[in-house]
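Notes for the structure review
Single-letter residue listing:
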Amino acid sequence: MPTIHRYESTTGGVPVNAYLVETATGVIAVDATLTVSGGRGLRERIGRLGKPLRAVLLTHAHPDHYGGLAELGEVEIVATEGVDRVIRRDDDVKEEILRPMFGDEWPRERAFPNRTVADGETLSFDGAELRVVDLGPGESPHDSMWVLEGAGAVFCGDQAYGGRMHSYLADGFHEQWLGHIDRLTAELPAGTTLHIGHGEPAPLELLQWQRGYITRFVDAVREADWSEPEAATASVTAAMRRHLPSEELAFLMELSVAPLAAQLGLVAA
């Protein structure tokens with residue numbers, strides 16, 4: 001049975017996970033963190049295992065999960081066609097947003113997937129089988145997850161955030177995200193461990209916590225008086241801090257308020 005290791009990078013105040021699946025003769029990474037330092041730390045962690053990196057599997061199209069790829073050297077980088085397409089499509093926009101925020105910690109030259117896979121395709125490494133599930137738009141413009149067959153483990157990216165962390169809903173697909181939560185709740189076997197993008201691995205019950213967070217966020221935006229956008233934004237962020245009294249990733253929640261209001265037709269897009 002392969003061994004799963006969690007690597008967390010907190011560079012730039014953004015706690016984000018990558019996972020290493022260690023087999024008899026190699027290592028498979030799932031996601032690669034956000035920053036140059038995060039990627040280097042992941043590379044060092046792989047080095048301590050003393051086995052070659054066979055591949056990197058990506059879960060979704062947000063840069064905090066692929067930015068560190070550039071530090072991992074020549075390796076097979078695997079994603080669904082949708083995830084690959086969005087990463088490449090949005091690269092210039094992410095450069096404009098992230099360079100001012102992170103400076104040289106955002107890689108000057110990004111690495112991209114060099115192999116695409118279809119929904120349900122399985123990759124085998126020393127008998128460890130990882131099957132991709134293509135989810136489509138959800139938390140990001142294109143999501144997927146990887147199932148480690150026979151291990152009761154799924155690498156599901158940001159389908160659920162750790163239970164003390166706020167969430168990002170700025171991309172406009174919250175209804176689809178709720179649909180993914182329903183699907184995973186119905187399809188994943190009892191006892192499955194969710195290896196998530198932010199926070200500790202968790203049981204399936206975390207999906208219902210995430211559902212509650214999303215629905216509360218949408219309700220808070222709908223309930224605000226958008227005749228005064230600044231006051232409305234403040235009321236939404238206050239409501240979400242009451243719902244979740246934590247500052248972890250609160251900036252992602254704050255960044256999501258105006259885009260969600262626009263998506264709901266409450267303010268001009």
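The structure reproduced in this document is the subject of the present report.

Conventions used here
Residues numbered from 1 in each chain as written. Predicted model: local features only at pLDDT ≥ 70, side-chain atom pairs only at ≥ 80, totals over all residues. Heavy atoms only, no water. Helix = DSSP H or I, 4+ residues; strand = E, 2+ residues; numbered from the N terminus. Buried < 20%, exposed > 50% of the residue type's maximum accessible area, 1.4 Å probe, protein only. Contact = heavy atoms within 4.5 Å. Areas by Shrake-Rupley, 256 points an atom, 1.4 Å probe, with all protein chains shown as cover. Lys, Arg positive; Asp, Glu negative; His and termini not counted. Charge placed at Lys NZ, Arg CZ, Asp CG, Glu CD. Salt bridge = Lys/Arg side-chain N within 4 Å of Asp/Glu carboxyl O.

Counting its regular elements, the protein chain contains seven helices and 12 strands. Structurally, the protein chain occupies a C-alpha span of about 60 × 45 × 30 Å along its principal axes. Expressed as a percentage of the 269 residues in the protein chain, the buried residues total 55%. Residue pairs in contact within the protein chain that sit at least 24 positions apart in sequence constitute 65% of those at least 6 positions apart. As displayed, the protein chain offers around 11,200 Å² of accessible surface, 49% of which is attributable to carbon and sulfur atoms. For the protein chain, the distance from the average position of its 23 positive side-chain charges to the average position of its 41 negative side-chain charges is 3 Å.

Let us look at the pattern of salt bridges. The final tally for this structure, using the stated rule, is 19 salt bridges. Residue Arg-110 is joined to Glu-95 by a salt bridge in which the shortest nitrogen-to-oxygen separation is 3.0 Å. With Arg-110 in the loop between helix 3 (91–102) and strand 6 (115–117) and Glu-95 in helix 3, this residue pair connects regions lying 15 residues apart in the sequence. With a relative accessible area of 16%, Arg-110 lands in the buried category. Owing to a relative accessible area of 21%, Glu-95 belongs among the partly exposed residues under this scheme. Bridged by salt links that share partners, the residues Asp-91, Glu-95, Arg-99 and Arg-110 form one connected network.

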